Structures are given as structure tokens and as C-alpha cells.
Amino acid sequence: MLRATTAASRLPVLLDCDTGIDDALALTYLACRREVELLGVVSTGGNVPVDVVHRNNRVLCRLLGLGGVPVARGADAPLVEPPMYADDTHGPGGLGYARLPESPRTASDGGADSEARGSGLGRPGGGDPDGWDGARLWVELARAHPGQLVGIVLGPHTNLARALTLEPELPRLLRRLHIMGGAIHHRGNTGPTSEWNIAVDPEAAQQVLAAFASAPQLPVLGPLDATEQIVFTEQTVASVAALGDHPVVPILGDALRWYVDFHEADGFGRICHVHDPFVTAHAVESHLDSAGAQRFASTSPLAVDVELVGTLTRGQTVGDPLGRWGRPPTVEVLRDVDADAVIEHLLEVLGHLG
């Protein structure tokens, strides 16, 4: 079983991600926030295959001093469709030009059991070296911290959807869910109208949004409309690369250089859109410092659903601002973004690495 207590002064968080360049920045951000207790990481296939994501998460957690945090391997594929990957965007290893060191722990050296003991975990079995399946980790942490745990989803929703089949009460067990995904009044970055995290597994996203519409607090959705306003220039990337001598700093710098090269090849110039750290920072600030969160962005309620059958629009997140459906809101959408404030905050927090 998982620990059922957490320090009252720290915010308990579960991160579900498909690491990924901007996911790596978000994970590093959480590691730098002393007010946050990262209780678990779920590795979801998306930007790269799940085994690559899982290795990235495990090695980064070790380098960031999060060795006691359980890192759970998620499902091999989306609920319905075959997997698709974005190695052109994030590189074949998910972290651009960066090359991670070999993991200091392997499944055969006994390290998995010591990590499980250090984090208060039992060993429920399964093929993952940490002993946890992604869906099961969602359920166990939510049950151990009812009404306290903040969930952050920065990749496809596959494992959270699977978790809902194990524990339908998840929307009422979580304190709140924060999501990077979708495009409401914005072009897509996968199909013409679809955003990557939703497009990889539309059925999972649709199930999650439908289930969490009944949560005590609606999920906060950060669509491309908001996240593409967070633009790192080459100067910003250089600032990250100069943060200090922590071993994660050159990894982030090399990853971001790839990201800039990709965005230039995609027609955006020498910049990169940094989606996940923004949603993560807003999630943390909204629970620790609501005034701080309001500096970054405001939110507005909106009924949102996911298109599953359109031949041209499968995976699109459709919003209904005029109320034509007659449905109540299902999410709070991020809007009115102060990009300068967000970037200043991210650099300040990441500066704690040095």
C-alpha cells in the first residue's frame, strides 16, 4: 500500500507525461518546487514509445534527486488506435540532441526493491521494475490522499482512462485535474484541428473529460490557444543552458536546441513553444498561491467534447461557447495568458537547479 499521509505544508502531485522535451522541463520544474511533494510519475507513450518515456522519466528522476518517487510504466498503446509518435518533434530518444546517462539502477541489481522501500511502496507485481502499472498508480495514490492529490496530465490520457475503469470515483478522490491538451479556437499541431495529446488517444481523452465533468472542481484545460503563447527564443534557451552545473542543465539545453531546430523547420522561426511547464506552473500556483496563478492566466468555464468519428476532424476538442449543446461546462479553459510573467517564473524556479 502507499503512504496515506503527506506533509501538510506540501502539495501532493501525480504527474502523467510522455517525456518529451517540454515534459522534461515540467518534471524539472516540479523537482525545483520545494512546496511540492511529487508522489508519483506515470510514463505514457506519446511523444516517443512508452519504454523510451519510462527510461527518460526514471533517469531524470534520479538526476533530480527524486529517486524515491515511484515511476510507473503505462500501457503499450492507446485504447483503440495503434500508437503514433512525434520523434520528428522530440528526437528518437524524446530529448532532442541530449543523451541521457545509463540508468544507475537496473531491474536485476536490487535497486527496484530499495526504491520501493524508500518511497513507502509495497510491490504489487507486474513487469515494471518499480512494480507499478500506470493506471494502478493513479488509483492507489488517489485513494491514499483523498481530496488532496493534484493530478497533472501532460500527455495522452490512456492511463487515466484505464484508471477510471478500476476506480470510477477518481474524479471525486482527486483535489483537481490539470490537463495540457486540445485546441479550441486555434489550429491544430497534429491534424488541421487536432492537438497531439488528444489526437494520440481520442477515446481516452473523451472518457476522461466526460468522467471529470462531475468532479467537485472542473478540470483545468490548457489548450494550444494558451500554451503556444509561451515562446522560448534562442536567448531564453541560452538562459536555461546557463543555469548552472547541475547534470540536468545540459540535458535541457541540448533538448531545447533540437526543439528550436524543429520549430524552425516547421515554419515558426528560431523559437519553440513550451506547453507543459506552463500548465504545470499554473497548476502548482493555483493551489499554493491563487494570486500567482492569476498573474499567469485566467480561466473560463466551457463545455468541451472530443470528436471521435470525423474523417477530417478526429481528435479535435470541440468547445461550445454559445451553449448550442445545452450542456453544463466540463472544463475551465486557460486564457488571457501573460507569457512574460510565465517565462520569468519558469526561469526563476529552474534557476534553483544551480
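Worth saying up front: this structure is predicted, and the values here are computed from it rather than measured.

Engineer: Kindly report on the packing of aromatic side chains, identifying the contributing residues and their values.
Structural biologist: Under the defined criterion, the tally for this structure stands at 1 aromatic pair. The cationic tip of R327 hangs over the ring face of W325; the distance from NZ or CZ to the ring centre is 4.3 Å.

Engineer: Could you give me a rundown of the pattern of salt bridges, with the residues and numbers involved?
Structural biologist: Within this structure, the stated rule accounts for 18 salt bridges. Of the charged contacts in the structure, one is a salt bridge between E35 and R33, with a shortest N-O distance of 3.0 Å. Among the residues examined, E35 registers a relative accessible area of 33% and is labelled partly exposed. Residue R33 is classed as buried on the basis of its relative accessible area of 7%. Of the charged contacts, one joins R73 and D51 as a salt bridge, the two residues approaching to 2.7 Å between their closest N and O atoms. Within this pair, whereas R73 is found in strand β3 (residues 71-73), its partner D51 is found in helix α2 (residues 50-63), the two being separated by 22 residues in sequence. What you see here is one network of salt bridges that share partners, running through E234, D261, E264 and R270.

Conventions used here
Residues numbered from 1 in each chain as written. Predicted model: local features only at pLDDT ≥ 70, side-chain atom pairs only at ≥ 80, totals over all residues. Heavy atoms only, no water. Phe/Tyr/Trp six-rings, centres within 6.5 Å; stacked < 30°, edge-to-face > 60°. Lys NZ or Arg CZ within 6 Å of the ring centre and 35° of its normal. Salt bridge = Lys/Arg side-chain N within 4 Å of Asp/Glu carboxyl O. Buried < 20%, exposed > 50% of the residue type's maximum accessible area, 1.4 Å probe, protein only. Helix = DSSP H or I, 4+ residues; strand = E, 2+ residues; numbered from the N terminus.

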